[in-house]
Amino acid sequence: MPQNLKPLTAMRFFAAMWVVAFHFTPSLGVGMPALVAKGYLGVELFFVLSGFILSHVYMESFGDRRFRYPDFLWARLARIYPVHLATLAGLGLVVAAATAAGVDAGDKVLAWSSLPAHLSLTQAWGLGLAGGWNHPSWSISAEWFAYLTFPVFAFLIWPLRARPWVAVALAVVLVVGLNIGFQQVAGFPLTQATIAWGALRIVPCFTLGCAVWLLWRSDVIRSPRIAMGGVLGSVAAVAACAFVGAPDWLSVCLFGALILSLGSLASTGSRLLTAPLWVYLGEVSFAVYMVCIPWQLVFEHGAKKLLGLPGDTLPPWLWAALFVGVVPAAMAVHHLVERPAREAMRRHGVPFVRRRAALAHRVAEVALARR
């Protein structure tokens, strides 16, 4: 059983709230502070972390040829798909209810032409260009692309396990080169790609996470003080990058250092960010991310309708309620949808594989009975 790296779980909450602040701050009408304006990079942080965690859980089994691809995909689907379906259905109901109540919920939410892409988790592969629905779900479409291609990442990364610094250096070159090259060709940063190039956006980040796991695996940081210094230094450097307007690829590389340091805190025995509250908030972070836009839609339209508020901004006290309220909303989704559905799917197992195994077992029973 892989080690439970609790500080990395806790970090997920802060990354999710960074993204939430980026989406919600315009409703405050006070401008966008530099660090908040870079909140879209919270998605990059999740992507790097995803590469690290999946390597932590599955990479060695891939190297030992114990990796079972159908089970892997089913487990990953159980992690992301139930909440995704719930938010799609919830948005449809919210828009229908708003329309019945005479509230304009926006005519671009229910983009029916992109629904097949959303249902197949391919909306970030250039197949759901009409957008609509729950926009943040583009990132789980990108994650799904990384899950499907995880054996390719593992095939390229695992042979470098004895030379982790080489793996990290190559991953950094990929991050820098792909980000610079994409902007030169597309005219906008890769870190701002969503429904058109989201699947490409995850590739350098996921690769960096896989490579950083190799480095963590080599026990390159053995002192909790050094690990703590790495955490504080990485966070300070990311904040400095935001304030001076450094290129996004530099922050992405710093995310690798942050994740390495947080993982090393756990492996060196530190108890920082291991308290049950922080770990729990990290566990609900996926729901925070997935419900933030539906929650904002419901809260803002409801508040303006009930209180008769003019304009597109909220008073500070109401904005604070919007920002803080996303957490209990996410907790409800986590406990009512995410956890029970994930556990049910995992108990059931991969449908096709399970039926095939049952058929093979039945054939064996019949063969034994005839002997």
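Since the structure is predicted, the reported quantities are computational estimates derived from the model, not experimental observations.

**Q** Can you explain the overall build of the chain? Please cite residues and give values.
**A** Across its full length, the chain holds 16 helices and zero strands. Projected onto the principal axes, the alpha-carbon positions of the chain cover approximately 80 × 60 × 45 Å. Every one of the 371 residues in the chain was classed for burial, and the buried ones make up 50%. Relative to all contacts within the chain whose residues are 6 or more apart in sequence, the contacts with residues 24 or more apart total 76%. Put simply, the chain shows about 17,600 Å² of open surface, and 67% of that area lies on carbon and sulfur atoms. Side-chain charges of the chain comprise 28 positive and 15 negative groups, with the mean position of each set lying 10 Å from the other.

**Q** Explain helix 9 (residues 164–186) to me, using residue names and the numbers behind them.
**A** For an α-helix, the turn length of 3.6 residues means that residues three or four places apart are oriented alike. In this model, helix 9 (23 residues) spans 32 Å end to end at C-alpha, consistent with the 33 Å of a helix rising 1.5 Å per residue. Turning to helix 9, its buried residues number three or more, namely P164, A167, V168, A171, V175, V176, N179 and F182. Structurally, helix 9 contributes buried residues whose contacts are with helix 10 (198–217) and helix 12 (248–267). A positive phi of about 90° marks G187, the residue just after helix 9.

**Q** So, the pattern of salt bridges: which residues are in play, and what are the values?
**A** One pass over the full model with this rule turns up seven salt bridges. For the salt bridge of R217 with E60, the shortest nitrogen-to-oxygen distance reads 2.9 Å. Within this pair, whereas R217 is found in helix 10, its partner E60 is found in helix 3 (residues 42–63), the two being separated by 157 residues in sequence. Salt-bridge contacts for E338 lead to R79; the nearest nitrogen and oxygen are separated by 2.6 Å. Of this pair, E338 sits in helix 15 (residues 316–348) while R79 sits in helix 4 (residues 69–100), and the two are 259 residues apart along the sequence. Comparing E338 with R79, the two get one shared label, buried. One salt-bridge network, held together by shared partners, links R79, E338 and R342.

**Q** Report on the confidence of the model for the chain, specifying residues and quantitative values.
**A** Across the chain, pLDDT averages 91, with 92% of residues at or above 70. Counting interchain partners and residues more than four positions distant, the pLDDT-below-50 stretch residues 357–361 has zero contacts. Here residues 363–369 is a poorly scored stretch, pLDDT under 50, and it has zero contacts once near neighbours within four places are set aside; other chains count.

**Q** Describe the state of the cysteines, with residues and values.
**A** Here the structure, examined in full by the defined rule, presents zero disulfides. Cysteine C210 is unpaired, with the sulfur of C205 as its nearest cysteine sulfur at 11 Å. C205 supplies the cysteine sulfur nearest to C292, a cysteine that is in no disulfide, at a spacing of 19 Å.

**Q** So, the packing of helix 9 against helix 12: which residues are in play, and what are the values?
**A** Contact geometry of helix 9 with helix 12 gives a least axis separation of 9 Å together with a crossing angle of 160°. What the angle tells us is that helix 9 and helix 12 run roughly antiparallel. Judged by the sense of rotation from one axis to the other, the crossing of helix 9 with helix 12 is right-handed. Counted together, V172, V175, V176, N179 and I180 of helix 9 and W249, V252 and C253 of helix 12 form the full contact between these two elements.

**Q** Account for the side chain of R76, with residues named and values stated.
**A** Locating R76 in the fold gives a position in helix 4. Buried and unpaired, R76 has E143 as its nearest opposite-charge partner, separated by 6.5 Å.

**Q** So, helix 15: which residues are in play, and what are the values?
**A** With 33 residues, helix 15 should reach 48 Å at 1.5 Å per residue; the first-to-last C-alpha distance of 47 Å fits that figure. Along helix 15, the sharpest change in direction is near 45° and occurs at H334. Within helix 15 the residues assigned to the buried category are L318, W319, L322, G325, V326, V327, A330, V333, H334, E338, R342 and M345. Buried residues along helix 15 sit in contact with helix 1 (6–24), helix 4, helix 13 (276–283) and helix 14 (285–307). Phi turns positive, to about 85°, at G349, one or two residues after helix 15.

**Q** Break down the packing of aromatic side chains for me, with residues and values.
**A** For the coordinates displayed, the defined rule picks out 25 aromatic pairs. Here Y58 and F67 contribute two aromatic rings whose centre-to-centre distance is 6.1 Å and whose plane-to-plane angle is 85°, an arrangement assigned as edge-to-face. Assessed through its relative accessible area of 17%, Y58 is described here as buried. Clustering of aromatic rings is evident, with ring pairs tying together Y58, F62, F67, Y69, F72, W144, Y147, F150, F153 and F206. Its guanidinium or amino end placed over the ring of Y147, R76 lies 5.1 Å from that ring's centre, counting from NZ or CZ.

**Q** Describe the environment of A111, with residues and values.
**A** In this structure, A111 sits in the loop between helix 4 and helix 5 (115–119). When its relative accessible area of 12% is taken as the criterion, A111 is described as buried. Apart from residues lying up to four places away in sequence, A111 is in contact with A130, G131, G132 and W133.

The rules behind each value
- Residues numbered from 1 in each chain as written.
- Predicted model: local features only at pLDDT ≥ 70, side-chain atom pairs only at ≥ 80, totals over all residues.
- Heavy atoms only, no water.
- Helix = DSSP H or I, 4+ residues; strand = E, 2+ residues; numbered from the N terminus.
- Buried < 20%, exposed > 50% of the residue type's maximum accessible area, 1.4 Å probe, protein only.
- Contact = heavy atoms within 4.5 Å.
- Areas by Shrake-Rupley, 256 points an atom, 1.4 Å probe, with all protein chains shown as cover.
- Lys, Arg positive; Asp, Glu negative; His and termini not counted.
- Charge placed at Lys NZ, Arg CZ, Asp CG, Glu CD.
- Expected span 1.5 Å × (residues − 1).
- Salt bridge = Lys/Arg side-chain N within 4 Å of Asp/Glu carboxyl O.
- pLDDT = per-residue confidence, 0-100.
- Disulfide = S-S within 2.5 Å.
- Axes fitted to C-alpha atoms, helices over the stretch in contact; angles between N-to-C directions.
- Parallel < 35°, antiparallel > 145°, perpendicular 65-115°, else oblique.
- Left-handed = near helix turned anticlockwise from the far one by under 90°.
- Bend = angle between axes of the 7 residues up to and from the residue.
- Phe/Tyr/Trp six-rings, centres within 6.5 Å; stacked < 30°, edge-to-face > 60°.
- Lys NZ or Arg CZ within 6 Å of the ring centre and 35° of its normal.

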